[in-house]
Amino acid sequence: MLVLGIETSCDETAAALVGDAYAPLANIISSQAEHALFGGVVPELASRAHLRTAVPVVRAALAAAGVGLAQVDGIAVTRGPGLVGSLIVGLSLAKALALAAGKPLIGVHHLEGHIFSNLIEHTLAPPFLTLLVSGGHTELLRVAELGRYERLGRTRDDAAGEAFDKVAKLLGLLPESGSVMGGRIIAELAATGNPRAIGFPRALERDQSLDFSFSGLKTAVLNYVRPLSAEQRQAQLPDIAASFQEAVVDALVGKTLRAMERTGIATVALAGGVAANRRLRARLEEAVGTRGGQLFYPSPVLCTDNAAMIAAAGLFHLSQGRSSGLDLDAAPRLSLSPTHG
Ligand SMILES: Nc1ncnc2c1ncn2[C@@H]1O[C@H](COP(=O)(O)OP(=O)(O)OP(=O)(O)O)[C@@H](O)[C@H]1O
Ligand SMILES: [Mg+2]
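Worth saying up front: this structure is predicted, and the values here are computed from it rather than measured.

1. A closer look at the coordination of the magnesium ion (ligand 2)
In the first shell of the magnesium ion (ligand 2), the protein supplies H110 (NE2), H114 (NE2) and D305 (OD), at 2.0 to 2.2 Å from the metal. For the magnesium ion (ligand 2), the single-chain donor residues occur in sequence as H-x3-H-x190-D. Taken together, the residues H110 in helix α3 (residues 110-121) and D305 in the loop between α9 (300-303) and α10 (308-319) connect sequence positions 195 residues apart. Residue H110 is classed as buried on the basis of its relative accessible area, which comes to 7%.

2. A short note on the sheet that holds strand β9 (residues 267-271)
Adjacent strands of a sheet form backbone hydrogen bonds with each other and so pair up, either parallel or antiparallel. An order of β8-β7-β6-β9-β10 is seen for the five strands of this open sheet, with the pairing classed as mixed. Both outer strands of the open sheet, β8 (148-154) and β10 (294-296), are each paired with one neighbouring strand and no more. Adjacent strand axes in the sheet meet at a mean angle of 25° when their direction is disregarded. Lying over the sheet, helix α8 (residues 278-290) contacts β6 (128-133), β9 and β10, oriented at roughly 155° with respect to β10.

3. Description of unusual backbone geometry
Look at the link from G80 to P81: it is a cis peptide, with omega at -10°. Within the chain, Y22 stands out as a residue other than glycine whose phi angle is a positive 65°. Following the sequence through the fold, Y22 ends up in the loop between β2 (12-18) and β3 (24-31). For L204, which is not a glycine, the phi torsion comes out positive at approximately 60°.

4. Looking at α3
By the criterion of burial, α3 is predominantly enclosed, with 11 of the 12 residues buried. Within the span of α3, buried status applies to H110, L111, E112, G113, H114, I115, F116, S117, N118, L119 and I120.

5. Brief notes about the packing of helix α5 (residues 182-190) against helix α7 (residues 230-263)
Remark: α5 packs on α7, axes separated minimally by 7 Å, with the N-to-C direction vectors making an angle of 115°. Put simply, α5 runs roughly perpendicular to α7. Here α5 and α7 pass one another in a crossing that is left-handed. Counting all contacts with α5, which are made through I186, A187, L189 and A190, the residues of α7 involved are L237, P238, A241, A242, F244 and Q245. Considered class by class, the residues forming the contact of α5 with α7 number nine nonpolar, one polar and no charged.

About the criteria used
Residues numbered from 1 in each chain as written. Chains lettered and ligands numbered in written order. Predicted model: local features only at pLDDT ≥ 70, side-chain atom pairs only at ≥ 80, totals over all residues. Heavy atoms only, no water. Donors = N, O, S within 2.8 Å, 3.2 Å for Na, K, Ca; no water. Helix = DSSP H or I, 4+ residues; strand = E, 2+ residues; numbered from the N terminus. Buried < 20%, exposed > 50% of the residue type's maximum accessible area, 1.4 Å probe, protein only. Pairing = 2+ DSSP bridges. Axes fitted to C-alpha atoms, helices over the stretch in contact; angles between N-to-C directions. Contact = heavy atoms within 4.5 Å. Parallel < 35°, antiparallel > 145°, perpendicular 65-115°, else oblique. Left-handed = near helix turned anticlockwise from the far one by under 90°. Nonpolar A, V, L, I, M, F, W, Y, C, P; charged D, E, K, R; others polar.

Quick look at the structure:
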């Protein structure tokens, strides 16, 4: 089976092809640079950029895989959650291609895509836990079987990636042009800092739930830097970044271990943009390993938004005989239902 995936939920225009066993044949991602000046994604600019790049990106993916549309078995597309204008561009293109080529259309939940990112490179059989840490979500999920998800915990305010982005912004670290991925910049700085230099708060540490909270941490960083002079702040940046990152990692590791205890599931998959964080990978790998479990995580390019994960989830549903009608709508606030698909 061969599936073309299209992803345009936020500021990445992506197209990919995956074959049997979710093998990636092509994975093209075009990141939008036009938002850098604004310190965040501007929805109107995002839709316009998707309109410009979606067709060339799909063409590039087909060319890289050396296949034509006639050879694909289905076209998978992100239907939500995400920015409505951005989602509509991908959906319209996917529908047009499905209609023109006479192929089934498969609407995919973006978060289910992130869950499937681990299946592209690893042989991973349910049940497993997924710690999904992205720019818009932070959730602990029990994957009883593919297509069946139970949310065990979630953030009560900011997502982990959002916290990285906001802290990068308040520390004045975002470049005036180029990428706006605050997490990457904080992680690089943190590598040269002391993670125990500043004792930032670990919210909900003793709370019995499997929930997270990161907005208080962001405020604590703001309160810490406010009285510092420009020179003091500059000198302390690596320690601030490392201590902030450690607080996020502690919370994520702590609740994941608790979820392992509660469910008796020892296999853990890390997914979403923050899964690219080396400190998180290393700390979680060690913690899960010492409890006799195993941690899986995707390559960095499959952690952040990509279409290979959308194609993989689409291929799974198509293989189960499920597809969508051409009246499929964008669903900006779609939640991941327990039995998805
Ligand atoms: N090395 C890193 N360390 C920490 N965070 C990172 C790293 N690399 C990327 N991120 C963060 O990952 C996030 C982007 O991930 P992703 O593309 O999965 O999110 P999204 O698609 O915007 O959100 P969602 O999937 O919830 O809709 C950003 O918040 C970014 O700062
Ligand atoms: Mg995402």
